[in-house]
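# Chain and residue survey
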Amino acid sequence: MLKVDKINVYYGHVYALKDVSVEVSQGQIASIIGANGAGKTSLLKCISGLVKPTSGNMTFMGEKLVSRPEKVVSKGIAHVPEGRRVFSGLTVEENLFLGGYLLNPEMLKENLKNIYNLFPILKKRKNQFAGTLSGGEQQMLAIGRGLMSNPKLILLDEPSLGLAPIIVNTVFDLIKQIRDNGITVLLVEQNANRALAIADKAYVLENGKIVMEGTGSELLKSNEVKKAYLGENVKNN
């Protein structure tokens, strides 16, 4: 479905991504884990057209991706950014409408109904300003806004960041539900244990390079991943 082939990204003379290749198949949850500054957010921004790679190629459903966000959204890719980034001075419903700005009025109305079925709390708060919501509610709003565009692939950047543990559970259950509803997920997440536990495919990104890949369960069993990202002490045999 998505193929990222040896992309490079530089900010000035400093590289953020170096020869990064990632593939995501339809119907998967693909997780990318790594430390702060590893290049995870830069990778998602490349895919969604917010950052233009210096070199390399990206294709989606067999067609080349152009580094223009509106073109990327129209192809069926939605990006839910780190930190939620809701429009705090707009209501919940206005935020959702912005997510479906490419849709006709009839489809917009239908999608809004679907989002409210998925997130009943958002329907309850539809006339409330987004800035007054709790962190968990804002994350639901950010994901709902992304889903409003009818994406085939949704990019989630650190959806559990700053949330209480009980809300984190809700978010990860929601990610699985999104996949089960037929939307492919590319997840960037610092909570490596949770991200790998739900991943069909997973990658480890270090200093702008992919250093390991496999299924989520394979990486959960890796001694290198356990030591570096899961906080486990591993004894060498």
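These figures come from a predicted structure and were not determined experimentally.

Attention now goes to the sheet that holds strand β4 (residues 55-60). If you walk across this open sheet you meet the 4 strands as β2-β1-β4-β5, and the pairing is antiparallel. Of all the strands in the sheet, just β2 (14-24) and β5 (63-64) have a single pairing partner and so form its edges. In terms of strand pairing, strand β1 (residues 2-11) meets β4 through 5 bridges, oriented antiparallel. Residue Leu-2 lies in a different strand from β4, and its bridge partner there is Phe-60.

This part covers helix α4 (residues 105-118). For α4, with 14 residues, the first-to-last C-alpha span of 20 Å sits near the 20 Å given by 1.5 Å per residue. Residues of α4 that are buried include every one of Leu-108, Asn-111, Leu-112, Ile-115 and Tyr-116, and no others. Angular distribution of buried residues about the axis of α4 spans 140°; they occupy a single face of the element. Facing away from the buried surface of α4 by more than 90 degrees, the exposed residues are Glu-106, Lys-109, Lys-113 and Asn-117. Each element contacted by the buried residues of α4 is listed here: α3 (92-99), α5 (120-124) and α6 (135-147).

Thresholds applied
- Counting restarts for each chain, with residues numbered from 1 along the sequence as it is written.
- Local features are withheld for residues below a pLDDT of 70 in this predicted model, meaning they are given only at 70 or higher, and side-chain atom pairs are given and counted only at 80 or more; totals for whole chains, interfaces and linings count all residues.
- Hydrogens and waters are ignored; side-chain quantities use all the structure's heavy atoms.
- One bridge is not enough; two strands pair if DSSP finds at least two bridges between them.
- Here a helix means four or more residues in a row that DSSP labels H or I, a strand means two or more in a row labelled E, and each is numbered from the N terminus.
- Expected helix span is given by 1.5 Å per residue-to-residue step, counting one fewer step than there are residues.
- Relative accessibility under 20% of the residue-type maximum defines a buried residue, over 50% an exposed one, and the middle range a partly exposed one, all with a 1.4 Å probe and only protein chains included.
- By definition, the arc is the one covered by directions from the helix axis to the C-beta atoms.
- Contact definition: two residues touch when any of their heavy atoms are within 4.5 Å.

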